[in-house]
Amino acid sequence: MTDLLLQVEHLKKYFPIRSGLFGGQTGEVKAVDDISFSVRKGETLGIVGESGCGKSTTGRMLMRLIEPTDGRVIFDNKDVTLLSQSEMRHLRRDMQMVFQDPYASLNPRHTVKKILEEPLIVHGIGDRNERKKLVAEMLETVGLSSYHAKRYPHQFSGGQRQRIGIARALMTKPKLIIADEPVSALDVSIQSQVLNLLEDLQKEFGLTYIFIAHDLGVVRHISDRVGVMYLGRLVELADGDSLYDEPLHPYTHALLAAVPVPDPTIKREKKELLGGDIPSPANPPLGCAFHTRCKECMNICTTVKPQLKEMKKGHFVACHLYND
Ligand code: SF4
């Protein structure tokens, strides 16, 4: 299919656990355990799950900020996992990342001009004057002003800093933006402004987004399709309407129930649906990894791992409830 920008095939990341006097490997954490999905050009794919589910590791592996243990990442018809470090640096012009904490990801000793100019210099874009003009234009594009270029990150609010983080990601005119919890650190009132900005930029620049979040409420508005991850695996993947209106996986039901609703009584009742803590990825439950928290658990769930299957057109789920 020509409209695919990204294909992820059987991606895995296993981190070794070392202990003892000689630091020998005693186990492994399957942070990402065999996930596959694709993203069309101009689409926004939301990836959602609790902390430790592997969503951020997945995002970083797509850019090879973390090396995959196995699997393939095909971006723009190139297998990212086979590229050399220098080829990878070149490719990063087309795939950029926006991080959760803009303050931690912006060098506090650099002016905004220097921060935004850096990707241009790395990729050899423009001369001094052209870069200055591009920085000024990008600041206006993300809702700041060209005079902000002389200031330092600490002189901005959290929302403004995230706008700078977004501006930096856009400087090289990438095709894909991987946004890792880009609004989680912001006040609720600011979150919608940043989400609206991301939507406007998508239209203006024809961007494709992978939007990582721990809350289904946050990605609802912005995502065309949503994938739900639990303990390193994709458990459900569907277009936004199907996922929110007809969720299939018990974990998705529970996550949706945990999305805050205006009536506090409803919220409390529904929150009880997701009981217990997320198990350790170093020692995941056998069978369906969710069975220790699932209200629908059956015998088969404790021994047999469910595979992701298409139940309706474009709606995939990994759960034994749908075996027939
Ligand atoms: Fe629950 Fe079984 Fe489905 Fe897992 S496979 S989510 S334990 S019903």
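Calculation notes
Residues numbered from 1 in each chain as written. Predicted model: local features only at pLDDT ≥ 70, side-chain atom pairs only at ≥ 80, totals over all residues. Heavy atoms only, no water. Helix = DSSP H or I, 4+ residues; strand = E, 2+ residues; numbered from the N terminus. Rg over C-alpha atoms; globule rule 2.2 N^0.38 Å. Buried < 20%, exposed > 50% of the residue type's maximum accessible area, 1.4 Å probe, protein only. Contact = heavy atoms within 4.5 Å. Areas by Shrake-Rupley, 256 points an atom, 1.4 Å probe, with all protein chains shown as cover. Near = heavy atom within 4 Å. 1 Å grid on protein atoms, 1.4 Å probe; cavity = no way out; pocket = protein on both sides within 12 Å on 5 of 7 lines; lining within 4 Å. Sits in = over half its atoms within 2 Å of the grid points. Nonpolar A, V, L, I, M, F, W, Y, C, P; charged D, E, K, R; others polar. Points joined across faces, edges and corners; volume = space filled by probe spheres on them. Pairing = 2+ DSSP bridges. Axes fitted to C-alpha atoms, helices over the stretch in contact; angles between N-to-C directions. Core = buried A, V, L, I, M, F, W, Y, C linked by side-chain atoms within 4.5 Å.

A. Structural detail: the overall build of the protein chain. For the protein chain, the count of helices and strands is eleven helices and twelve strands. Taking 2.2 N^0.38 as the reference for a compact globule, 324 residues should give roughly 20 Å; the C-alpha atoms of the protein chain span a radius of gyration of 21 Å, in line with that estimate. A total of 324 residues make up the protein chain; the buried ones form 49% of that total. Of the contacts made within the protein chain by residues no fewer than 6 positions apart, 64% connect residues no fewer than 24 positions apart. Total accessible area on the protein chain stands at roughly 16100 Å², and carbon and sulfur atoms take up 50% of it.

B. Quick look at the site of the ligand. By nearness alone, every residue bordering the ligand is listed as His249, Pro250, Cys288, Phe290, His291, Cys294, Glu296, Cys301, Pro306, Cys319, His320 and Leu321. When each cavity is represented as a set of grid points, the ligand is found to reside in the largest cavity. Grouping the amino acids of the shell around the ligand by side-chain chemistry returns eight nonpolar, three polar and one charged.

C. Broad picture of empty space enclosed by the protein. For the structure shown, the criterion picks out two cavities of 30 Å³ or more. Roughly 80 Å³ of internal volume is contained in the largest cavity. If you go around the largest cavity, you meet 13 residues; those closest to its centre are Pro250, Cys288, Cys294, Cys301 and Cys319. Grouping the amino acids of the lining of the largest cavity by side-chain chemistry returns nine nonpolar, three polar and one charged. Roughly 30 Å³ of internal volume is contained in the second largest cavity. In terms of lining residues, the second largest cavity is bounded by Ile35, Phe37, Leu45, Ile47, Gly227, Met229, Leu234 and Leu237.

D. Representation of the sheet that holds strand β5 (residues 78-79) in the model. With antiparallel pairing, four strands are arranged side by side in an open sheet as β2-β1-β4-β5. Each edge of the sheet is formed by a strand with only one pairing partner; in this case those strands are β2 (24-40) and β5. Pairing geometry for strand β1 (residues 4-19) and β2, over 13 bridges, is antiparallel. From the neighbouring strand, Lys13 faces β2, where its bridge partner is Val32. Sitting on the sheet, helix α1 (residues 55-62) touches β1, β2 and β4 (70-75), and the angle it makes with β1 is about 115°.

E. Representation of the nonpolar core in the model. If you look at the biggest cluster of nonpolar residues, it comprises 56 residues, and the most contacted ones within it are Leu116, Ile166, Phe211 and Leu216. For Leu116, the residues in contact, after removing those within four places along its chain, are Val135, Leu139, Ile164, Ala167, Arg168 and Met171.

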